[in-house]
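Single-letter residue listing:
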Amino acid sequence: MKTMKWLLRREFWEHKGAFFWAPVAVAVAMIVLVGGGFMYAMAFGGSEQIQIDGRTVVAINGIPADLRYKIAHVAASGYLGLAAPLFLVLAVVVFFYCLAALHDDRRDRSILFWKSLPLSDRDTVLSKVLTALVVAPLITIAVGVVTALVLLVLGMISAAGKGVNLFAPVLMEPNLYLAPLYLLAFLPLYIIWALPTVGWLLMVSSWARSKVFLWAVGTPLVAVVVLKWFNFIVGHVSNRVFDIDWFVSEVVARGLGGLVPGIWLSQGDIGVINQQYGLDPNTLLGLSYATLASPGVWVAAAVGVAMLYAATRLRRWRDEG
């Protein structure tokens, strides 16, 4: 346990620029741009008529109480959606972290130093998996919650400047306080869906001598081209051909895009979400976890674990000479 904690601290401090400062920089930019837009609207915007739920109202002192509470419910339930760009940054950061995690040790020969320590290859690989799937997402969630709250407050200040006081109804909404817990509830789902991608990237990182990105991304794309060519040749003499669409969606997309938060919604009933007025966390959480009923999710996760085992074995035996 102490060894794993030490490895996780080492991974964080070595990559804190990507894991912490990258989302913080994006968060500051969002607050300046989006929050500045709210303040600009308060200072220079007019009192235009708007439509809410099919009803035309005037923004200043003209929103009925029932609509004001409905707006407050939507704001309190979906304010974390403002942090969505941070989770896209998370996917990019973790993707390139996994690509370099095991390759850089061999490239700069520091692997010889780490192998001289009483650290097993299993613990080393596991520390990188936990960093990618737990530490980095938790940091992004923390930064995202703070950013979303700041933007929510700036938005309510802007609305107050127009005569619409949302502070009381928003603060009364339970979802305002439950939203961070809902976000944390997605973490186990994210880990399961991201396992194939992390396993693939770490396996390539432990094997490739150079051009890790080309091996990781190019290999699946070349496989698609080869299968298309095979279908074109064989399809003229036989009806038994590969299902390219299935291969692209279930192998290539899952293998390379598993780090994108919310990718599991492509397997869910998006129409149910679209029928909701605003983004209801309970509905979204239920639809998300319902995707675990598909056997393909668990097969992909098992393949990801197998690739992590392969990465451990490759790190044990792979050497640059």
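Residues numbered from 1 in each chain as written. Predicted model: local features only at pLDDT ≥ 70, side-chain atom pairs only at ≥ 80, totals over all residues. Heavy atoms only, no water.

Trainee: I would appreciate a short explanation of the overall build of the protein in the present structure.
Mentor: Secondary structure assignment for the protein yields 15 helices and 2 strands. For the protein, with 321 residues in total, the buried portion stands at 41%. For the protein, the share of sequence-separated contacts (at least 6 apart) that also reach a separation of at least 24 residues comes to 79%. (Helix = DSSP H or I, 4+ residues; strand = E, 2+ residues; numbered from the N terminus. Buried < 20%, exposed > 50% of the residue type's maximum accessible area, 1.4 Å probe, protein only. Contact = heavy atoms within 4.5 Å.)

Trainee: Sorry, what's going on with the nonpolar core here?
Mentor: Counting residues in each nonpolar core, the largest one holds 76 residues, and the members touching the most others are Leu 202 and Leu 259. Broken down by element, this core gets its largest block of residues, 14 residues, from helix H7 (residues 121-161). (Core = buried A, V, L, I, M, F, W, Y, C linked by side-chain atoms within 4.5 Å.)

Trainee: Looking at this structure, I do not really get the packing of aromatic side chains. What am I missing?
Mentor: Here a ring pair, both rings aromatic, is described through the centre-centre distance and the interplanar angle of the planes. Taken as a whole and assessed by the stated rule, the structure comprises 8 aromatic pairs. Measuring from centroid to centroid gives 5.1 Å for Phe 19 and Tyr 97, while their planes differ by 65 degrees, and the two rings are edge-to-face. Of this pair, Phe 19 sits in helix H2 (residues 16-44) while Tyr 97 sits in helix H4 (residues 84-101), and the two are 78 residues apart along the sequence. Note on accessibility: Phe 19 and Tyr 97 belong to one class, buried. (Phe/Tyr/Trp six-rings, centres within 6.5 Å; stacked < 30°, edge-to-face > 60°.)

Trainee: Please clarify how the environment of Trp 264 should be interpreted in this entry.
Mentor: Looking at where Trp 264 falls in the secondary structure, it is placed in the loop between helix H12 (244-257) and helix H13 (270-274). Judged by relative accessible area, Trp 264 falls into the buried class, the value being 4%. The spatial distance from the C-alpha of Trp 264 to the C-alpha of Ala 290 is 9.6 Å, given a sequence separation of 26 residues. Each residue touching Trp 264, except ones within four places of it in the same chain, is listed here: Phe 186, Leu 189, Tyr 190, Trp 193, Ser 288 and Thr 291. Within the structure, Trp 264 has its side chain in polar contact with the side chain of Ser 288 (distance 3.0 Å). (Polar contact = N/O pair within 3.5 Å; in protein donor to acceptor, adjacent residues only side chain to side chain.)

Trainee: Teacher, can you tell me more about unusual backbone geometry here?
Mentor: Residues other than glycine predominantly adopt negative phi, and peptide bonds predominantly adopt the trans conformation. You will see that Lys 211, though not glycine, has its phi angle at about 50 degrees, which is positive. Residue class for Lys 211 comes out exposed when judged on its relative accessible area of 58%.

Trainee: Help me understand a nonpolar patch on the surface in this model?
Mentor: There is a patch of nonpolar side chains on the surface, built from Trp 229, Phe 230, Phe 232, Ile 233 and Phe 242 and spanning about 560 Å² of accessible area. Within the secondary structure, Phe 232 is located in helix H11 (residues 212-234). Taking the relative accessible area as the measure of exposure, Phe 232 reaches 54% and is therefore exposed. (Patch = residues over 30% accessible without salt bridge, like charges linked within 9 Å, V, L, I, M, F, W, Y side chains within 5 Å. Areas by Shrake-Rupley, 256 points an atom, 1.4 Å probe, with all protein chains shown as cover. Salt bridge = Lys/Arg side-chain N within 4 Å of Asp/Glu carboxyl O.)

Trainee: How should the pattern of salt bridges be read in this particular structure?
Mentor: Side chains carrying opposite charge are able to pair once their charged atoms draw close together. Evaluation of the coordinates by the stated rule reveals 5 salt bridges. Linking Glu 11 and Arg 10 is a salt bridge whose minimum nitrogen-to-oxygen distance equals 3.0 Å. The pair formed by Glu 11 and Arg 10 is uniform in burial state, with each residue classed as buried. Between Glu 14 and Arg 10 there is a salt bridge, and its shortest N-O distance comes to 3.3 Å. Taken as a pair, Glu 14 and Arg 10 lie in helix H1 (residues 2-14) at a separation of 4 residues, close to a single helical turn. Among the residues examined, Glu 14 registers a relative accessible area of 47% and is labelled partly exposed. In this structure Arg 10 comes out as buried when scored by relative accessible area, which is 14%. Residues joined in a network through salt bridges with shared partners are Arg 10, Glu 11, Glu 14 and Lys 128.

Trainee: Sorry, what's going on with the packing of H7 against helix H9 (residues 174-185) here?
Mentor: For any two helices packed against each other, one specifies the crossing angle of their axes together with the interaxial distance. In contact at an axis separation of 11 Å, H7 and H9 are set at 155 degrees when each is read in the N-to-C sense. With respect to each other, H7 and H9 are oriented roughly antiparallel. Once H7 is placed against H9, the crossing between them reads as right-handed. Contacts from Leu 138, Ile 141, Val 145, Leu 149 and Leu 152 of H7 reach H9 at Leu 176, Pro 180, Leu 183 and Leu 184. Within the contact of H7 with H9, the residues separate by chemical class into 9 nonpolar, no polar and no charged. (Axes fitted to C-alpha atoms, helices over the stretch in contact; angles between N-to-C directions. Parallel < 35°, antiparallel > 145°, perpendicular 65-115°, else oblique. Left-handed = near helix turned anticlockwise from the far one by under 90°. Nonpolar A, V, L, I, M, F, W, Y, C, P; charged D, E, K, R; others polar.)

Trainee: Mind showing me how you'd approach the side chain of Ser 77 here?
Mentor: Topologically, Ser 77 is positioned in helix H3 (residues 65-78). Taking relative accessible area as the criterion, Ser 77 reaches 8% and is therefore assigned buried. Side-chain polar atoms of Ser 77 contact the backbone oxygen of His 73, separated by 2.8 Å.

Trainee: Quick question: what am I supposed to make of H9 here?
Mentor: For an α-helix, 3.6 residues make a turn, and residues three or four places apart therefore share a direction. Taking 1.5 Å per residue, 12 residues should reach 16 Å; H9 reaches 16 Å between its end C-alpha atoms and fits that length. For H9, the set of buried residues is Asn 175, Leu 176, Ala 179, Tyr 182 and Leu 183. For H9, the angular spread of buried residues about the axis comes to 100 degrees, placing them on one side. Exposed residues lying more than 90 degrees from the buried face of H9 are Tyr 177 and Leu 181. (Expected span 1.5 Å × (residues − 1). Arc of directions from axis to C-beta.)

Trainee: What is the right way to read the confidence of the model for the protein from this model?
Mentor: As a note on interpretation, predicted positions should not be read in detail where pLDDT is low. With 81% of its residues at a pLDDT of 70 or more, the protein shows a mean pLDDT of 82. In this model residues 57-61 is a low-confidence stretch, pLDDT under 50, and it forms 19 contacts with partners more than four residues away in sequence or in other chains. (pLDDT = per-residue confidence, 0-100.)

Trainee: Please explain the environment of Leu 178 as it appears in this structure.
Mentor: Topologically, Leu 178 is positioned in helix H9. Judged by its relative accessible area of 34%, Leu 178 is partly exposed. When the C-alpha positions of Leu 178 and Pro 281 are compared, they lie 9.1 Å apart, and in sequence the two are 103 residues distant.

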